[in-house]
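Results of the structural survey
Here's the letter readout for the chains.
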Amino acid sequence: MPVIALIDGEHHPDAVREALARLDLAGVVFCGGEEKLAVGPLEKHYGRPVETDPEEALRRLAPRADGVVDLADEPVLPPRAKLRLAALALHLGLRYSAPGLRLDPPRYEPVAFDGPKLAVIATGKRTGKTALACHLARLLRERDPVIVCMGRGGPKRPVAASPETSLADLLAISDHGAHAASDYLEDAVLAGVNTVGCRRVGGGLAGAPALSNVSEGAALAAWLQPGLIVFEGSGSCIPPVEVDRTACIIGPGEPEPLSDYRLLRSDLLLAREAAAAPPGALRFELRPEPAESLPEGARVALFTTGAPRCEGVEPVVASTNLARREALAEDLERAVAEKCDLWLTELKAAAIDTVATRARSEGVRVAFVRNRPVGDGLDDALVKLYEDAA
């Protein structure tokens, strides 16, 4: 199949011409460099037309090509620059090949649903996808949304959860050996909407899972006849289904490889306060708060995956070890020793199988923490995302 070749001037033109002769070419793109180039037009050196703006050329040549073959090298095209062009190639539906590397564009299955389909994805884990999907669903609750989640602890077959899901229900799920803090259960409890839980295994550099049942979960969601479907990503994985609009959260820290691919396919870019963000990204923060009113005078033990505080709460015991079970066990002992009579926890990680289960044995009340996204213009931007998809 025809390919677009990436070349540079650090290689001798004769060597490049020999490599190009082995390819069925849709176009040639010069990425820079002049160490081994004599003065004169590029067409003369390479014996064929040559483009000189890599990103613009890939976009224009993509309809005539099946893939991109990278024949360039450092210093003209170092790894980060290669991955940026690879991300663009994948976004344009082209496979990307370099020596020792082949990347295929992720596949997205169609969804038999005529209403708006939105996706919430991110550049990594612990960025606030679940909080944002919940917040989006609450904003649009009158439109009757369904959230479809995929997770590494999701069910073998897609399962629906209702807004009436209770702590007793979660404990029963845990008692039967299933993951009772899966995102779809958190969304049902905290957003108060119908949800569907799905499973995924693995995660490619461009966000494709190795295995998932999200397509089946989408069919279950459509069967519920909602007003819209919100697909929630998992880690840096993208739900492998076709959607109308996508919001992407840019997390703090070093970006994931090929994170540019996620940005390119998104219609709304959101950045946590500590993250470096591209122009146009809307900044927001997560404010942990109790999901219900707490009794006056309660001795509270707070359990989170990392949030150091919860609005309106002065805990007697505060633990950020909800995802670190060995350290969490020590914090639970402190909560018992301090006679904490209300355990306030995020609905994540070991919240049910460890915290709530121990609370049940101690006769202690459990309440949940909700992470509320807050940012100037955030709600308006999320509603517009829906309206653009409708």
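For the structure given in this document, a descriptive report is provided here. (Residues numbered from 1 in each chain as written. Predicted model: local features only at pLDDT ≥ 70, side-chain atom pairs only at ≥ 80, totals over all residues. Heavy atoms only, no water.)

A word on the state of the cysteines
- With the rule as written, the count across this model stands at zero disulfides.
- You can see Cys310 has no disulfide; the closest cysteine sulfur is in Cys340, sitting 14 Å from it. (Disulfide = S-S within 2.5 Å.)

Things to note about the packing of aromatic side chains
- The final tally for this structure, using the stated rule, is two aromatic pairs.
- Ring centres of Phe30 and Tyr46 lie 6.4 Å apart, and the angle between their planes is 45°; this geometry places the pair in the tilted category. Separated by 16 residues along the polypeptide, Phe30 in strand S2 (residues 25-30) and Tyr46 in helix H2 (residues 42-46) bring together distant segments of the chain.
- With centroids separated by 5.8 Å and ring planes inclined at 65°, the aromatic side chains of Phe303 and Trp343 adopt a geometry described as edge-to-face. With Phe303 in strand S15 (residues 300-303) and Trp343 in strand S17 (residues 342-346), this pair connects stretches of sequence that are 40 residues apart. (Phe/Tyr/Trp six-rings, centres within 6.5 Å; stacked < 30°, edge-to-face > 60°. Helix = DSSP H or I, 4+ residues; strand = E, 2+ residues; numbered from the N terminus.)

Let's talk about the pairing of strand S4 (residues 95-98)
- Here S4 shows two buried faces, one formed by Arg95 and Ser97 and the other by Tyr96 and Ala98.
- In the sheet, strand S3 (residues 67-70) pairs with S4 via three bridges, with the strands oriented parallel. Looking at the pairing, Gly67 lines up with Arg95 of S4.
- As paired elements, S4 and strand S5 (residues 101-103) share three bridges and run antiparallel to each other. Bridge pairing in S5 places Tyr96 opposite Leu103.
- What sits between the antiparallel neighbours S4 and S5 is a turn of two residues, in which Gly100 has the positive phi angle 80°. (Buried < 20%, exposed > 50% of the residue type's maximum accessible area, 1.4 Å probe, protein only. Pairing = 2+ DSSP bridges.)

Description of the packing of helix H5 (residues 129-139) against helix H12 (residues 378-389)
- With their axes 10 Å apart at the nearest point, H5 and H12 run at an angle of 75° to one another. It follows that H5 is roughly perpendicular to H12 by the angle criterion. Seen from H5, the contacting residues are Leu132, His135, Leu136 and Leu139; seen from H12, they are Leu378, Asp379 and Leu382. (Axes fitted to C-alpha atoms, helices over the stretch in contact; angles between N-to-C directions. Parallel < 35°, antiparallel > 145°, perpendicular 65-115°, else oblique. Contact = heavy atoms within 4.5 Å.)

Comments concerning the layout of surface pockets
- Roughly 870 Å³ of volume is contained in the largest pocket.
- Surrounding the largest pocket, 34 residues form its lining, Arg126, Thr127, Gly128, Thr305 and Lys348 being those nearest its centre.
- Counting residues per element, the ones that place at least two in the lining of the largest pocket are H5 and strand S14 (282-290).
- Per-class residue counts for the lining of the largest pocket are ten nonpolar, twelve polar and twelve charged.
- The wall of the second largest pocket is formed by 18 residues, among which Ile250, Gly251, Gly253, Pro255 and Ala276 lie closest to the centre.
- Ranked by the residues each element gives to the lining of the second largest pocket, the list is headed by helix H9 (residues 259-264), at three residues.
- Of the residues contributing to the lining of the second largest pocket, the split by class is seven nonpolar, six polar and five charged. (1 Å grid on protein atoms, 1.4 Å probe; cavity = no way out; pocket = protein on both sides within 12 Å on 5 of 7 lines; lining within 4 Å. Points joined across faces, edges and corners; volume = space filled by probe spheres on them. Nonpolar A, V, L, I, M, F, W, Y, C, P; charged D, E, K, R; others polar.)

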